[in-house]
Amino acid sequence: MQVDHLLRLDRLDLALVWGDRALLGQEVGGVTATDLEDPARFLEAGEIVLSGLLWWSREGDPAKADRFVSGLSAAGAVALLAGEETHGGVPDEVVDACRRHRVALLAVPAHTSFRAVTEAVCLRQWGELSRRPTDHYALPENVRADLDRALEHGASIAELTDRAFAHLGTPDCHLLTGSGRTVARAGGAAPLPARRAAELLRGTRGTTVRVEADDDTAFDAWHLHLPEEGQVPPRVLQEIAELLGRHRRREDRRRAARATASAELLAALGAPYPDAHRIRGALTACGLGDGRAYTLVAASLEPGAGLGRAPVRTGRTGWTGRGEGGEGGERGRAEAAAGHGGVEAAAQLVEAVAAGATAAADALSDAVPSDTALSGTALSGTALSAATASEAAAALAEALGHLPPAAFTSVVAECPGGEAMAVVAHGEGAAAELRAVLGEAWPLVHACRPGDALHAGVGEPVTGPDALDTALAQARYALAAARAAAPSGQRLAGLDDLRGLDSLVAGIPAAVREVYRATVLGPLLGPGRASHATLLETLEVFLAHDCSWARTAEALHLHVNTVHYRIERVEALTGRDLSRLDHKLDLRAALLCR
């Protein structure tokens, strides 16, 4: 386990404060928690150090930070994980000391306990130890040999899960994602509704073991869950989880190998106008050519929007799937379309529609030179966009995985600007079911990362490839409306949700809204006139009370004559007549453009 692996554990929500590639690549040998001013004699080389920074105060000796961090460096500690709760963040003096003594620094948010960090390190190290060759296994030799053969011959995850638990009398066991989607289940295990499965994963009953993978996220990570404790020996369960992890890592490597070709195709398709012929070809290559109707879904994710900060994580490129939400599906992303051109075809299709260029899988790492220190605030806009696009794609792919695979086929890819896009093929009349399933799944997906803002927009179904560009514009408009409706939470919106002027205006690009607002309200927006702010407030209350003089005066605790005077000033400054309906709408729309 390396230091940077801690940043990939979404359930910890750690953020990088300072550290270069060499420091982040160091192996973690253990973990110690301490708040001693000089902990060097109690540390061992290779450890990460957890500290609540109780030894530091703004009024104390400024050399304390240097003494503490120099002790870590002298003892060979590989990183300092500093708690943010005590001081509301990591003090600058501690950051500077870590730079001087070259100790990687990670921030631990107030909602993450040191125990959770310690357990995560121990579990990861246990998993690595269990993967090392050994003469002692908990699984019988014949069972291991059978499972190895099945894995080598390309057995599905459902078959592997069944075989793994068959020799144990097929206890009830589900392989679940964080949003409660069932990837596979053993033997006679009854189907689990997604909401109930998600509750079980977050509860304390039963036994849950995470299947470790190199590049999973909180959205699509796999978890083995048994409803009763003690049904399967812990070592046996760990070895089964390792087997399933091998299957997943293999599929992840296959997807990564296809990503480079996908990025090259996307770069070649950055034309200003969609090419209908190429879109048809891409649909066929993705296995979507037989679709009788198509729906486009746009998604975005803003890390840390609900927590007031934005941790930076590594990026990954697009997914493609065949509605793999149920027992017959491998995962909620890349696997099923491999025979149809896989990720390349998915990205080619979406990008041909979007007429843009996507970031490659290594866009985040390329954004910062290898000899430059990384910081959560130092990454370029391009790198941050690539990172958020990859996470939005993971969330969107997981949500689409809840769709029944027999009725829906989908492809997902990252798009410029930090967004993700999906094309879903289905039969005519199935769009309502798609919207209903996504509406139920979206809050469950968001619950995997509740501190992030997660939004999606669903376009209207279209019946031919030539209309996909229109469907894309609709999905993006609905996405913008969803962002405006719940800026720091989660929301999935469609065009049928645009039921008022506020939601209609929200879908207009921000730059256009700002120009319109300045044009209509310009004289009231200038700096240096406090009275203008009062006029804006009066105008807003006046319109909200249906232009009633008496109710506006009551709401603002003013005399009616004062309201008359202020509205007359608004009319004079804006050139609008508030007795006219069209002018009222002009001013109301301008107010909504904030």
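Read on for an overview of the structure. Within each chain, residues carry numbers counting from 1 in the order of the written sequence. For a predicted model such as this one, the threshold for reporting local features is a pLDDT of at least 70, and the threshold for listing and counting side-chain atom pairs is 80 or more; totals across whole chains, interfaces and linings nevertheless cover every residue. Heavy atoms from the whole structure form the basis of all side-chain values; hydrogens and water molecules are not counted.

### Observations concerning the packing of helix H2 (residues 63-75) against helix H3 (residues 92-101)
Here is the rule we go by: Helix axes are fitted only over the stretch in contact, all axes being lines through C-alpha atoms; the angle between N-to-C directions runs from 0 to 180 degrees. Secondary structure counts use DSSP, requiring at least four H or I residues in a row for a helix and at least two E residues in a row for a strand, with both numbered from the N terminus. A crossing counts as left-handed when the near helix is turned anticlockwise from the far one by less than a right angle, and as right-handed when that turn is clockwise. Two residues qualify as a contact provided that any one of their heavy atoms is within 4.5 Å of a heavy atom in the partner residue. Three classes are used, and their members are as follows: Ala, Val, Leu, Ile, Met, Phe, Trp, Tyr, Cys and Pro are nonpolar, Asp, Glu, Lys and Arg are charged, and the others, Gly among them, are polar.
Look at H2 against H3: their axes get within 9 Å of each other, and the N-to-C directions meet at 35°. The two elements H2 and H3 cross, and the hand of that crossing is right-handed. On H3, the residues touching Ala65, Asp66, Val69, Ser70 and Ser73 of H2 are Glu93, Val94, Ala97, Cys98, Arg100 and His101. Broken down by class, the residue content of the contact of H2 with H3 amounts to 5 nonpolar, 3 polar and 3 charged.

### Some points on the nonpolar core
As a reminder of what qualifies: Here, nonpolar core refers to any group of buried Ala, Val, Leu, Ile, Met, Phe, Trp, Tyr and Cys residues whose side-chain atoms link them within 4.5 Å. Each residue is assigned to one of three classes by its accessible area relative to the maximum for its type, calculated with a 1.4 Å probe on protein chains only: buried under 20%, partly exposed between the two thresholds, exposed over 50%.
Membership of the largest hydrophobic core comes to 30 residues, with the highest contact counts inside it found for Leu396, Leu400, Leu438 and Trp442. Elements supplying a minimum of two residues to this core: strand S10 (293-302), helix H12 (381-400), strand S12 (408-415), strand S13 (419-426), helix H13 (431-446) and strand S14 (453-458). No other element matches the 8 residues that H12 contributes to this core. Apart from the residues lying within four places of it in its own chain, the contact partners of Leu396 are Val297, Ala299, Val412, Ala420, Met421, Ala422 and Trp442.

### Focus: the sheet that holds strand S4 (residues 79-83)
So the rule is basically this: A strand pair is defined by DSSP finding two or more bridges across the two strands.
Strand order across the open sheet formed by 5 strands is S1-S5-S4-S3-S2, with mixed pairing between neighbours. Here the strands that pair on one side only, and so sit at the sheet edges, are strand S1 (15-18) and strand S2 (30-33). For this sheet, the mean inter-axis angle between neighbouring strands, taken without regard to orientation, is 25°.

### Section: the sheet that holds strand S9 (residues 222-226)
Here 4 strands make up an open sheet; going across it, the order is S7-S6-S9-S8 and the pairing antiparallel. If you trace the sheet from one side to the other, it starts and ends with strand S7 (182-186) and strand S8 (207-211), each paired once. When the angles between neighbouring strand axes are averaged without regard to direction, this sheet yields 20°. In this structure, strand S6 (residues 173-177) lies alongside S9, joined through 4 bridges in antiparallel fashion. Each residue of the ladder has a partner; that of His174, found in S9, is His225. Across the sheet, helix H6 (residues 157-166) touches S6, S7 and S9, and the angle it forms with S7 is around 30°.

### Some thoughts on helix H7 (residues 194-202)
Quick reminder of the rule: Each direction from the helix axis to a C-beta atom contributes to the arc, which is the arc of those directions.
Taken as a whole, H7 has its buried residues at Ala197, Ala198, Leu200 and Leu201. Burial along H7 is one-sided: seen end-on, the buried residues are contained in an arc of 160°. On its buried side, H7 packs onto S6, S8, S9 and H13.

### Looking at the packing of aromatic side chains
What counts is decided by this rule: A pair of aromatic rings is counted whenever rings of Phe, Tyr or Trp (Trp by its six-membered ring) have centres within 6.5 Å, and the orientation is called stacked for planes under 30 degrees apart, edge-to-face for over 60 and tilted otherwise. Two thresholds decide whether a charge sits over a ring: the Lys NZ or Arg CZ must be within 6 Å of the ring centre and within 35 degrees of the ring normal.
All chains considered together, the criterion is met by 2 aromatic pairs. Measuring from centroid to centroid gives 4.4 Å for Trp55 and Phe68, while their planes differ by 20°, and the two rings are stacked. Placement of Trp55 in the loop between strand S3 (47-51) and H2 and of Phe68 in helix H2 is noted, with a sequence separation of 13 residues between them. The residue whose ring lies beneath Arg248 is Trp222, and the NZ or CZ to ring-centre distance is 5.1 Å.

### Some details on helix H5 (residues 141-152)
Convention followed: The length a helix should cover is 1.5 Å for every residue beyond the first.
The end-to-end C-alpha distance of H5 is 16 Å, a good match for the 16 Å that 12 residues give at a rise of 1.5 Å each. A positive backbone phi angle near 80° is found at Gly154, which sits one or two residues after H5.

### Re the environment of Gly457
With respect to the helices and strands, the residue Gly457 is situated in strand S14. In the structure, Gly457 is positioned 23 residues away from Ala480 in sequence and 7.5 Å away in space, judged by C-alpha atoms. Excluding residues within four positions of it along the chain, Gly457 makes contact with Leu296, Val297, Ala298, Ala475, Ala478, Leu479 and Ala493.

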